[in-house]
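Residue strings, one per chain:
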Amino acid sequence: MRVPLSWLREYVDLPATETGRDVQARLVSAGLEVERVEQLGADLKGPLVVGRVLTIEELEGFKKPIRFCTVDVGQANGTGEPQEIVCGARNFAVGDKVVVVLPGAVLPGDFAIAARKTYGKTSHGMICSGDELGMGDDGSGGIIVLPPEHEVGTDAIELLELVDEVLDIAVTPDRGYALSMRGVARETATAYGLPLRDPALLDVPGPNAFGHPVRIADPLGCDRFTARTVTGLSPEARSPIWLRRRLQKAGMRPISLAVDITNYVMLELGQPLHAYDRSRIQGTIGVRRAEPGEQLTTLDGAKRTLDAEDLVITDDRGPIGLAGVMGGADTEIDDTEGTTTEVVVEAAHFDPVSIARAARRHKLASEASKRFERGVDPEAAAAAAQRTVDLLVLLAGGTADAGVTQISSPSAPHTITIPANHPDRVAGVDYGRETVVRRLQEVGCDVYGQDELIVTVPSWRPDLTDPNDLAEEVIRLEGYENLPSTLPEPPAGLGLTDRQRLHRRVGRALAGAGYVEALNYPFIGTEVLDQLGLEADDPRRTVVTLVNPLSDEEPAMRTTLLPGLLGALRRNDGRGSHDLALFETGLVFRPTGEEGKAARLSVDRRPTAEEIAGIDAALPRQPRRAAVVLAGAREQAGWWGRGRPADWADAVEAARTVAREAGVELTVRGDRHAPWHPGRCAALYVVVDGEETLVGHAGELHPRVIKALHLPERSCAMEIELDLLERAGAGALAAPRISTFPVATQDVALVVGRDVPAAEVEAALREGAGELLEAVRLFDVYEGEQLGEGRKSLAYALRFRAADRTLTVDEASAARDAAVGLAGERTGAVLRG
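Residues numbered from 1 in each chain as written. Predicted model: local features only at pLDDT ≥ 70, side-chain atom pairs only at ≥ 80, totals over all residues. Heavy atoms only, no water.

**Things to note about the sheet that holds strand β27 (residues 452-456)**
Strand pairing in a sheet relies on backbone hydrogen bonds, with the paired strands running either antiparallel or parallel. If you walk across this open sheet you meet the 3 strands as β25-β27-β26, and the pairing is antiparallel. Both outer strands of the open sheet, β25 (415-419) and β26 (446-448), are each paired with one neighbouring strand and no more. Taking each pair of neighbouring strands and ignoring which way they run, the sheet shows an average axis angle of 25°. With 3 bridges connecting them, β26 and β27 associate as antiparallel partners. Looking at β27, one finds that Val447 is bridged to Val455. Along the sheet, helix α11 (residues 433-443) makes contact with β26 and β27, crossing β27 at roughly 5°. (Pairing = 2+ DSSP bridges. Helix = DSSP H or I, 4+ residues; strand = E, 2+ residues; numbered from the N terminus. Axes fitted to C-alpha atoms, helices over the stretch in contact; angles between N-to-C directions. Contact = heavy atoms within 4.5 Å.)

**Quick word on the packing of helix α20 (residues 758-769) against helix α21 (residues 809-827)**
Following both chains from N to C, one finds α20 and α21 inclined at 135°, their axes separated by 7 Å at the closest point. The angle between the axes of α20 and α21 places the two elements in the oblique class. The crossing of α20 and α21 is right-handed. Seen from α20, the contacting residues are Glu760, Val761, Ala764, Leu765, Glu767, Gly768 and Ala769; seen from α21, they are Ala815, Ala818, Ala819, Val820, Leu822, Ala823, Arg826 and Thr827. Of the residues belonging to the contact of α20 with α21, the class tally is 10 nonpolar, 2 polar and 3 charged. (Parallel < 35°, antiparallel > 145°, perpendicular 65-115°, else oblique. Left-handed = near helix turned anticlockwise from the far one by under 90°. Nonpolar A, V, L, I, M, F, W, Y, C, P; charged D, E, K, R; others polar.)

**What to know about the sheet that holds strand β1 (residues 2-4)**
On the basis of which strands lie adjacent, the open sheet formed by 3 strands has the order β1-β13-β2 and antiparallel pairing. Two strands bound the open sheet, and with one partner strand each, they are β1 and β2 (33-40). Within this sheet the neighbouring strands show an average axis-to-axis angle of 25°, counted without direction. Two strands pair when backbone bridges link them, and β2 and strand β13 (residues 164-170) are joined in this way by 7 bridges, in the antiparallel orientation. Residue Glu38 lies in a different strand from β13, and its bridge partner there is Val166. The strands touched by helix α2 (residues 20-29) within the sheet are β2 and β13, with β2 carrying the most contacts at an inclination of about 170°.

Listed below in structure tokens is the structure:
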């Protein structure tokens with residue numbers, strides 16, 4: 001909201017010495033976000049005067065039309081002689097009053113004006129356009145042509161109100177009242193302790209049976225509707241300079257008198273209005289929901305197909321406007337031909353949610369919808385209509401029709417009961433009852449009671465719904481800077497939970513293994529699930545869709561960590577970092593279909609256990625997971641060696657690293673699972689509650705996935721569920737026991753079938769070796785002609801150690817033989833050679 005200081009002074013008698021910066025400081029202290037103060041005309045220097053065009057000579061022989069003009073500027077040039085000026089614009093004629101800047105003046109942008117020779121003539125000044133004076137777009141598209149009543153030689157700086165200060169306020173969604181001069185003036189008056197001249201305090205005639213007929217079919221969507229008619233408008237009437245300049249300073253473009261007046265009143269009172277050409281309305285004006293498939297051509301020229309939830313304004317033909325958003329072209333006021341002499345003024349109050357959804361549905365944000373969706377004062381509709389009628393009568397020479405239409409649904413004012421000391425307890429400051437009552441009354445509330453206050457909220461503050469809202473009003477008006485700075489005193493906690501400890505250990509372990517943490521937004525688009533190659537019935541395709549997502553391209557919550565990590569991998573690779581190892585730990589969201597609807601909680605007490613349980617039941621399952629992605633070199637080449645590219649085994653090893661932090665051993669088996677390569681995909685299992693449970697997958701990504709996501713070749717990934725690992729673990733990790741006795745190492749090479757998983761062989765070796773086995777490690781896999789078709793050799797290093805003695809060679813060999821024997825029984829393994 002742009003607020004000209006000169007306009008603001010009409011409603012509040014600010015001290016003459018107060019600058020825009022001073023007002024900004026007061027409003028910021030009161031809680032409004034005044035982003036900046038724009039100094040209009042600060043670098044403008046005269047003489048800038050009104051001139052009358054005497055003659056125009058068309059200069060020939062140039063690439064563009066050039067005119068040599070003589071202009072009467074009175075005594076402003078010191079001689080009274082006509083001023084000779086060269087000008088390229090063509091939207092003025094002999095006898096027109098224009099704005100002339102004379103030599104010695106300085107225009108915005110430090111543009112000094114001097115006499116200069118151009119196009120074979122000497123130009124003593126300029127005939128100015130709005131852009132050259134820093135006025136913005138005035139709708140004329142060229143030179144400023146003034147009304148004929150202004151005298152030659154008049155100071156144009158004062159006439160055009162070129163010097164001013166404009167406050168640029170970022171209005172938050174809960175303060176829709178600040179999208180009006182009335183609302184900002186009220187805050188200013190309160191901040192300075194001055195009286196407010198409320199522009200909405202007008203004498204409004206009561207409704208009668210002579211107004212334009214109106215029928216409301218949806219009273220929930222439109223609870224108030226005022227219609228007024230003005231006849232006998234002068235086709236030649238144009239917006240006066242003061243009206244055009246206020247619109248320009250507020251950031252709006254002047255269009256035509258009737259439209260400018262409705263925009264002016266909207267800026268003044270915060271109530272959006274619409275003016276219809278009465279001759280184009282057929283029958284009764286109605287408000288209803290649109291029929292599916294109905295179409296409407298809006299004022300921007302776009303033909304729109306309406307939705308059944310859209311609230312529309314109609315006449316006997318059908319929709320003539322999208323309620324609260326934009327009017328229709330069929331009833332547009334036509335000032336280009338001067339045919340509109342009778343208008344019907346609409347001032348209504350619409351449901352904020354309906355307007356917000358319609359504006360987003362049609363991608364049609366407007367000044368009206370911006371105000372309706374933030375909350376408009378329903379009591380201001382009649383006053384806004386009256387103000388519009390008064391201006392049309394005053395400026396367009398019209399006559400106010402005696403008929404007044406007012407339709408309103410019965411409603412009671414909103415009241416809130418609040419303890420008088422509630423703001424004190426919220427802020428930790430002793431304000432006292434008198435201060436609380438005074439501040440609430442300054443907001444516009446009616447307050448009754450002593451220890452328990454009954455507060456009636458003003459109609460222009462629909463955001464005040466709870467006691468804490470009222471406490472916030474008291475606190476902000478008393479000054480946030482006056483709140484004491486005290487450190488909270490939390491009770492002694494119980495430390496981190498087991499889940500939190502595991503989460504942190506996993507992050508430290510992966511970082512220690514060379515991975516870099518990449519935190520991503522938990523939002524995805526459903527098209528990425530197609531790129532990952534997920535089957536139609538894959539549970540990961542069942543997503544939670546947000547009602548109001550940050551981006552329409554990513555409206556769903558993630559069901560896997562991989563899309564975000566793979567996106568980070570692609571971005572970093574595209575920016576020159578080709579050797580990558582990234583990890584992320586976080587929640588995924590897996591709906592079960594059994595979620596209910598959460599109840600809205602009260603803010604005046606702590607939720608009960610049943611209410612918290614109800615909220616939990618409405619949430620999807622949110623398991624915590626860890627994932628890694630790899631590409632490029634895992635070990636760098638150098639003088640020490642050739643290096644090594646990352647492969648599927650590194651992804652599996654990352655899973656083992658995570659599992660070790662939970663104190664569990666993974667069982668690894670081959671699998672086929674999107675988005676991994678069917679021949680290089682490992683399924684990860686642990687024992688949970690006595691049953692072997694799948695906890696994740698690791699391996700190389702499928703080539704089609706790599707191509708679809710534009711990833712580096714042979715990219716690998718791993719994803720594992722931390723909550724299941726925590727359940728499989730034995731609780732707190734025990735510190736390792738350090739033995740003082742030496743280790744005995746035995747290597748074995750076992751030949752097995754090619755389809756026998758190495759994990760099964762390892763499990764058999766562990767069980768067969770018994771308690772003397774300290775560790776087993778697979779260090780070589782070989783396949784060759786010597787072994788025969790369909791056979792492979794697995795070489796393991798076995799480490800044996802006793803806690804109380806040094807093992808003999810016979811003991812170590814016996815343990816090895818027992819391990820090999822059980823592996824032979826279980827998997828058909830035989831010693832190689």
